[in-house]
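# Summary of the model geometry
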Amino acid sequence: MLCAISGEAPQHPVASSKSGNVFEKRLIEAYISENHKDPVNGEELETTDLIDLKSARIVTPRPPTLTSIPSLLSTFQNEWDALALESFTLRQQLNQTRQELATALYQHDAAVRVIARLTKERDEARDALSKVTIGASATNNGDAMQIDAQGLSEGLAAKVDATQEKLSKSRRKRPIPKGWADSEIIEKFGVSSASEPLYSGPTSLAVDESSSLVLVGGSEGVLGIYSLPENKIQQTFTAGARITDAVWYGSQPVAATSSGSVIVFGDGEAKFASHAGSANALALHPSGEILASVGVDKSFVFYDLVGKTAVTQVYTDSELTTAAFHPDGHLFAAGGADGQIKLFHVKTGESAANFELGGPVQDLTFSENGIWFSAVAKDSNSVVIFDLRKEGKAAEAKVLEIGGQVDSIRWDYTGQYLAAAGPRGLTISQYTKSSKSWSDVISTAVPATAVEWGAEAKTLVTVNAEGIITVLG
């Protein structure tokens, strides 16, 4: 009989009742004290499960000292037993590790294949979805209406022409309004009021013409009208999904949601569902009667707010993230996730020009001078000012280094001041027309996800990621 661990004849043989194998008693007891398992088949094993085997008694002499050869041999025997036990354990662990590694590699390979297949199917579904014409409906009549890209109706086109003619005539020679804030006032801006946290994760806000009411909403799917003089929410509206943007239509709030809905609240409430996926941004035409929305489905939609209908939908080649109308109303700009700023003719929906920003467009805004617009890329620290009269790289009139991430930008009515806000604070830059130079008026550590100018540029309204509305003035 040979020991299943050491491979030698045991001096005190015992048999395992679990596997039937023979072991040297001291070796198996040492193994059981560490693992409590049979070393051969891995079943639970205790010393009480060992069966002593009778064999010829081998008389072991009294251990000699290490000064003799028998003493050394006994010591070497003990060391060999320990080494044999350790080697056996290591072989078992190695075999188990190999099996576990093979299983993990197989599972990883299978997971990679599944992810690749699902990613391909997702991309194909998105591409197919972007080419589908989506039906939209207004709640006032309940009838679904097919939207196409045939341009605006004659009535709306005439409204666009009339608005452009009226606004473009006086734009270049328009003086700075009396009482407008100058740099001395703006450089003294400080926090004049701050609200309690209202809604979580707001990404936009809109100030009404009186500069006393602010639209703000967040991930809760609730749009609130916040009164700046009273420092409280006056009225709330339920949108049913995260608020992505909001604008004023006269005294009526309009909201875009992550579900793709565009909702006009108040009198004659209307709801449009033209986008397949999130409606990312809104823009109101200078005439006040045409609304635009852009979405993740690569399209922009124009709405007739008077008629409460969606009138045209135009598809592009990338997701659209932000939108703005030219101050004269004849051009519409949409920022894309591909880093392109796409300009379109409002009346026809045809492409007018493309500008390259170099990253997904976070925000864009037109200057009231009619020839500039500024844009910022996602997670960028700089604001790029483009000249509409030029093309390519030459169109970049100025790059303003803000010194921190910029999430929102807004020109004031005179085109002198550009506010840039982000999580690290807010900076106001000034363009001096006489010297054709730029300078920073003020930088303040007020974090913001969105910013808007107040009346006569004497205040600045911001909202941060916690939903706190702050007024600087």
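An account of the accompanying structure is given in this report.

Definitions and limits used
- Residues numbered from 1 in each chain as written.
- Predicted model: local features only at pLDDT ≥ 70, side-chain atom pairs only at ≥ 80, totals over all residues.
- Heavy atoms only, no water.
- Pairing = 2+ DSSP bridges.
- Helix = DSSP H or I, 4+ residues; strand = E, 2+ residues; numbered from the N terminus.
- Salt bridge = Lys/Arg side-chain N within 4 Å of Asp/Glu carboxyl O.
- Buried < 20%, exposed > 50% of the residue type's maximum accessible area, 1.4 Å probe, protein only.
- Phe/Tyr/Trp six-rings, centres within 6.5 Å; stacked < 30°, edge-to-face > 60°.
- 1 Å grid on protein atoms, 1.4 Å probe; cavity = no way out; pocket = protein on both sides within 12 Å on 5 of 7 lines; lining within 4 Å.
- Points joined across faces, edges and corners; volume = space filled by probe spheres on them.
- Axes fitted to C-alpha atoms, helices over the stretch in contact; angles between N-to-C directions.
- Expected span 1.5 Å × (residues − 1).
- Arc of directions from axis to C-beta.
- Contact = heavy atoms within 4.5 Å.

## Some points on the pairing of strand β27 (residues 408-411)
Looking along a regular strand, one sees side chains alternate from face to face of the sheet. Taken together, the four bridges between β27 and strand β28 (residues 417-422) define a ladder with antiparallel strand orientation. Bridge pairing in β28 places R410 opposite A419.

## Points about the pattern of salt bridges
Summed over the entire model, instances satisfying the criterion amount to 17 salt bridges. For R26, the salt bridge is made with E24, and the minimal N-O distance between the two is 3.3 Å. On the basis of relative accessibility, which here comes to 36%, the residue R26 falls in the partly exposed class. Look at the salt bridges and you will find they share partners, linking E24, R26 and D81 into a network.

## Overview of the packing of aromatic side chains
Here the structure, examined in full by the defined rule, presents 20 aromatic pairs. Here the aromatic rings of F325 and F332 are separated by 5.1 Å at their centres, their planes lie at 55°, and the arrangement is tilted. Residue F332 is classed as buried on the basis of its relative accessible area of 0%. Both rings, one in W372 and one in W411, keep their centres 6.4 Å apart while their planes meet at 40°; by these two values the pair is tilted. Residue W372 is located in strand β24 (residues 372-377), and its partner W411 is located in strand β27; the two are separated by 39 residues in the primary sequence. Summarising the burial analysis for this pair, W372 and W411 share the class buried.

## Brief notes about the layout of surface pockets
In this structure, the second largest pocket encloses a volume near 640 Å³. Lining the second largest pocket are 25 residues, with N369, T414, G415, Y431 and K433 positioned closest to its centre.

## Focus: the sheet that holds strand β17 (residues 299-304)
Backbone hydrogen bonds are what pair the strands of a sheet, in a parallel or an antiparallel way. Strand order in the open sheet formed by four strands is β15-β16-β17-β18, and the pairing between neighbours is antiparallel. What marks the edges here is a single partner per strand, and that holds for β15 (279-284) and β18 (309-315). Geometrically, the sheet is characterised by an average inter-axis angle of 20° between neighbouring strands, direction not taken into account. Here β17 runs beside β18; their pairing, made up of six bridges, is antiparallel. Note that in β18 the partner of V301 across the bridge is Q313.

## Quick word on helix α3 (residues 154-171)
Across its 18 residues, α3 extends 26 Å between first and last C-alpha, which sits within 8% of the 26 Å expected from 1.5 Å per residue. Listing the buried residues of α3 in full gives L156, A157, V160, T163 and R171. Seen from one end, α3 has its buried residues packed into an arc of 125°, which puts them on one side. The outward face of α3, more than 90 degrees from its buried face, is lined by the exposed residues E154, G155, K166 and K169. Contact partners of the buried residues in α3: β16 (290-295), β17 and β18.

## Quick look at the sheet that holds strand β12 (residues 252-257)
Spatially, four strands are ordered β11-β12-β13-β14 in an open sheet, and the strand pairing comes out antiparallel. Taken across any chain shown, the strands that pair with only one partner, and hence form the sheet edges, are β11 (243-249) and β14 (270-272). On average, adjacent strands in this sheet sit at an angle of 15° to one another, irrespective of strand direction. Where strand β13 (residues 262-264) and β14 come together, three bridges link them in antiparallel fashion. In the sheet register, I263 faces β14, and the bridge partner there is K271.

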